[in-house]
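Each chain, written out:
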Amino acid sequence: MAFMLCLVRARGVAGSEVIGVGHPLLDAYVELVAARARWNTVLATAFDLKVFFSVVDKDPVEVEPADVLAFIKEQRQPRRGAKVARIEDGEAGLSARTIKRRLATIAGLYEYLIIRGDTGVTRNPVPRGLAVRRPGGRAVRGVPLIRAPRTLPRVVDPDEVDAFIAALRTRRDRAMVEAMLLGGLRRCEVLGLSLEDVRPGEHRLFIADGKGGHQRIIPVSKRFFITLADYLEVERPPTSSTSRVFVVLKGPRRGQPLSAAGLDEIISGARQRAGIEHLTCHQLRHTCFTRLREAGMALEAIQAQAGHRSIESTRIYLHLANDWLAGEYRRATEAIDAQAIGEH
């Protein structure tokens with residue numbers, strides 16, 4: 001390989017954090033991603049590039065479709081021994097979602113290199129799919145390189161929710177959990193809340209920087225605002241200079257904004273104390289929307305609450321709600337039975 005791959009985090013000219021991969025073209029693409037995406041996406045992009053070119057071991061301008069196919073084969077190799085497989089898809093290598101994400105990163109890189117026009121790259125080496133031939137017709141692209149299984153997100157049981165909330169140690173922690181569980185906020189949206197975004201008189205929150213940079217105003221249960229008011233009055237350091245709602249309560253960083261790692265540590269600690277095997281911030285969000293759907297909230301309203309750009313992302317909660325499918329089935333069978341009785 002003509003260059004050394006190495007993820008390096010540093011401060012840019014304007015003081016913002018930047019990350020490099022070790023090749024001018026790759027670093028330029030990461031810089032482009034950083035201008036339009038969240039930091040976690042930037043980190044994932046840089047890591048995917050590092051993994052790909054560590055396996056392919058070629059300069060970016062020399063990569064061919066055969067290298068991409070070889071990369072897919074390598075990623076599907078067992079990672080924890082040939083006898084260990086995931087229950088979800090029965091595979092022993094990396095999950096299909098992870099491989100598919102990495103291919104999307106590489107495809108995005110080469111689209112960027114093609115648009116630049118000064119790299120010598122004229123085609124994207126990542127195939128969009130495998131061509132299939134229809135009977136009596138021409139070959140068409142129809143089979144994706146990686147087929148990721150469509151699985152339902154996990155929802156937290158009511159008993160586990162009660163045990164989990166009881167295991168939280170501060171009003172701050174409970175307010176953050178209730179924002180996800182009662183309002184359906186994402187982790188980044190909870191951490192990004194500013195004091196001016198809170199509208200207690202309306203029982204609503206302004207999400208200034210949602211996924212994809214989209215903004216929305218959402219209602220949240222009065223229970224959350226009661227907990228939040230207790231936290232702001234009793235626990236939040238009055239000397240804090242940040243406008244962020246949720247801050248560190250102890251230690252040298254007291255009063256500074258709480259980080260994603262800090263929130264994850266809080267969730268993990270409470271989960272372990274409650275004796276729950278698996279629970280994440282995103283599961284709390286899924287649980288919120290599932291319960292809202294079970295209570296009869298319209299799918300379009302859940303879409304607005306969740307901040308989904310497409311209703312297709314929201315339809316998953318039709319299948320998670322216990323009574324929706326059963327109710328639809330019952331109404332259909334009753335109509336069939338009534339029609340059969342009328343014919344006799």
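For the structure itself, consult the block above.
These numbers were taken from a predicted model, which means no experiment stands behind them.

> I'd like to hear about the overall build of the chain, residue by residue, with values.
A count of helical and extended segments in the chain gives 14 helices and 7 strands. When burial is assessed residue by residue, the chain has 39% of its 344 residues classed as buried. Summarising the internal contacts of the chain: among those between residues at least 6 apart in sequence, 51% fall at separations of at least 24. For the chain, the exposed area adds up to about 19900 Å²; of that, 52% sits on carbon and sulfur atoms.

> Please set out the sheet that holds strand β7 (residues 216–219) residue by residue, giving values where relevant.
The antiparallel open sheet is built from 3 strands, whose spatial order is β5-β6-β7. Every interior strand has two partners, whereas the edge strands, β5 (198–199) and β7, have only one. Sheet analysis places β5 next to strand β6 (residues 204–207), joined by 2 bridges and oriented antiparallel. The partner of Val198 across the bridge, within β6, is Leu205.

> Could you give an account of the layout of surface pockets, with specific residues and numbers?
As a volume, the second largest pocket reaches approximately 430 Å³. The set of elements that each furnish at least two residues to the lining of the second largest pocket consists of α6 (171–183) and α9 (260–274). Examining the composition of the lining of the second largest pocket, we find that 5 residues originate from one element, α9, more than from any other. Across the lining of the second largest pocket, the residue classes tally to 4 nonpolar, 3 polar and 6 charged.

> I'd like to hear about the pattern of salt bridges, residue by residue, with values.
All told, the structure shown has 15 salt bridges when counted by the stated rule. A salt bridge links Glu235 to Arg171, with the nearest nitrogen and oxygen atoms 3.7 Å apart. Separated by 64 residues along the polypeptide, Glu235 in the loop between α8 (222–234) and α9 and Arg171 in helix α6 bring together distant segments of the chain. Note that Asp264 and Arg187 form a salt bridge whose closest N and O atoms lie 2.5 Å from each other. Of this pair, Asp264 sits in helix α9 while Arg187 sits in helix α7 (residues 187–191), and the two are 77 residues apart along the sequence. Bridged by salt links that share partners, the residues Asp48, Arg101 and Arg102 form one connected network.

> Outline the packing of aromatic side chains, supporting the account with residue identities and numerical values.
For the structure on display, the rule yields 6 aromatic pairs. With centroids separated by 5.0 Å and ring planes inclined at 90°, the aromatic side chains of Phe52 and Phe53 adopt a geometry described as edge-to-face. Among the residues examined, Phe52 registers a relative accessible area of 0% and is labelled buried. Judged by relative accessible area, Phe53 falls into the buried class, the value being 0%. Through a chain of ring-to-ring contacts, the aromatic side chains of Phe52, Phe53 and Phe71 assemble into a single cluster.

> Explain a negative patch on the surface to me, and be specific about the residues and the numbers.
Taken together, Asp157, Asp159, Glu160 and Asp162 make up a surface patch of like negative charges. Of note, Asp159 is situated in helix α5 (residues 158–167).

> Please set out the nonpolar core residue by residue, giving values where relevant.
In terms of nonpolar packing, the biggest core is built from 39 residues, with Phe164, Leu205 and Phe246 touching the most fellow members. Mapped by element, the contributors of at least two residues to this core are α5, α6, α7, β6, α8, α9 and α10 (281–294). A per-element tally of this core places α6 first, with 6 residues. Excluding residues that lie within four positions of it along the chain, Leu205 makes contacts with Leu185, Leu193, Asp197, Val198, Arg216, Ile217, Ile218, Val220, Phe224 and Phe225. Ala28, Phe52, Val56 and Ala107 belong to the second-largest nonpolar core, a separate cluster that totals 31 residues.

> Before we move on, can you summarise the environment of Lys100 with the specific residues and values?
Within the secondary structure, Lys100 sits in helix α4 (residues 96–116). The spacing of Lys100 and Arg147 is 47 residues in sequence and 8.1 Å in space, taken between C-alpha atoms.

> Can you tell me about the side chain of Asp59, naming the residues and giving the values?
As for its position among the elements, Asp59 is in the loop between α2 (39–56) and α3 (65–75). No salt bridge is formed by the buried Asp59. Its closest oppositely charged neighbour is Lys58, at 11 Å.

> Help me get a handle on the pairing of β6, residues and values and all.
Linking β5 to β6, which pair antiparallel, is a turn of 4 residues; within it His203 sits at a positive phi near 55°. Of the pairings in the sheet, the one linking β6 to β7 comprises 4 bridges and is antiparallel in character. Bridged to Arg204 within β7 is Pro219.

> Explain α2 residue by residue, including any values.
Helix length check: α2, at 18 residues, gives a terminal C-alpha distance of 26 Å against a target of 26 Å (1.5 Å per residue), a fit within 8%. Along α2, the residues classified as buried are Val42, Thr45, Ala46, Asp48, Leu49, Val51, Phe52, Phe53 and Val56. On the buried face of α2, the contacting elements are β2 (17–20), α1 (24–34), α3 and α4. Residue Asp57 follows α2 closely and has a positive phi angle near 60°.

About the thresholds
- Numbers given to residues run from 1 along each chain, matching the order in which its sequence is written.
- Only residues with pLDDT of 70 or above have their local features reported here, since the model is predicted, and side-chain atom pairs are shown and tallied only from 80 upward, although totals for entire chains, interfaces and linings are computed over all residues.
- No hydrogens and no water enter the side-chain calculation; it runs on all heavy atoms of the structure.
- Numbering of helices and strands starts at the N terminus; helices are DSSP runs of H or I of at least 4 residues and strands are runs of E of at least 2.
- Under the scheme applied here, a residue whose accessible area is under 20% of the maximum for its type counts as buried, over 50% as exposed, and between as partly exposed, the area being computed with a 1.4 Å probe on protein chains only.
- Contacts are residue-level and defined by heavy atoms, with any inter-residue pair within 4.5 Å sufficient.
- Only the protein chains shown count as cover for residues, and the accessible areas themselves come from Shrake-Rupley with a 1.4 Å probe.
- Any two strands are treated as partners once DSSP identifies two or more bridges connecting them.
- Computed over the protein atoms alone on a 1 Å grid, cavities are sets of points where a 1.4 Å probe fits but cannot get out and pockets are open sets with protein on both sides within 12 Å along at least five of seven lines; a residue lines them when it has an atom within 4 Å of a point.
- Grid points are joined across faces, edges and corners, and a volume is the space filled by probe spheres set on the points.
- Amino acids outside the nonpolar list (Ala, Val, Leu, Ile, Met, Phe, Trp, Tyr, Cys, Pro) and the charged list (Asp, Glu, Lys, Arg) are all regarded as polar, and Gly is one of them.
- Criterion for a salt bridge: a side-chain nitrogen of Lys or Arg within 4 Å of a carboxyl oxygen of Asp or Glu.
- Here a Phe, Tyr or Trp ring, Trp counted by its six-membered ring, pairs with any other such ring whose centre lies within 6.5 Å, and the pair is stacked when the planes are under 30 degrees apart, edge-to-face when over 60, and tilted otherwise.
- Exposure above 30% relative accessible area and no salt bridge define the residues that can form patches, which grow by joining like charges within 9 Å and nonpolar side chains of Val, Leu, Ile, Met, Phe, Trp and Tyr within 5 Å.
- Within this scheme the basic residues Lys and Arg register as positive and the acidic residues Asp and Glu register as negative, but His and the chain ends are omitted.
- One atom stands in for each charge, and that atom is NZ of Lys, CZ of Arg, CG of Asp or CD of Glu.
- Throughout, nonpolar core names a set of buried Ala, Val, Leu, Ile, Met, Phe, Trp, Tyr and Cys residues whose side chains join them through atoms within 4.5 Å.
- Here a helix's expected span is defined as the number of its residues, less one, multiplied by 1.5 Å.

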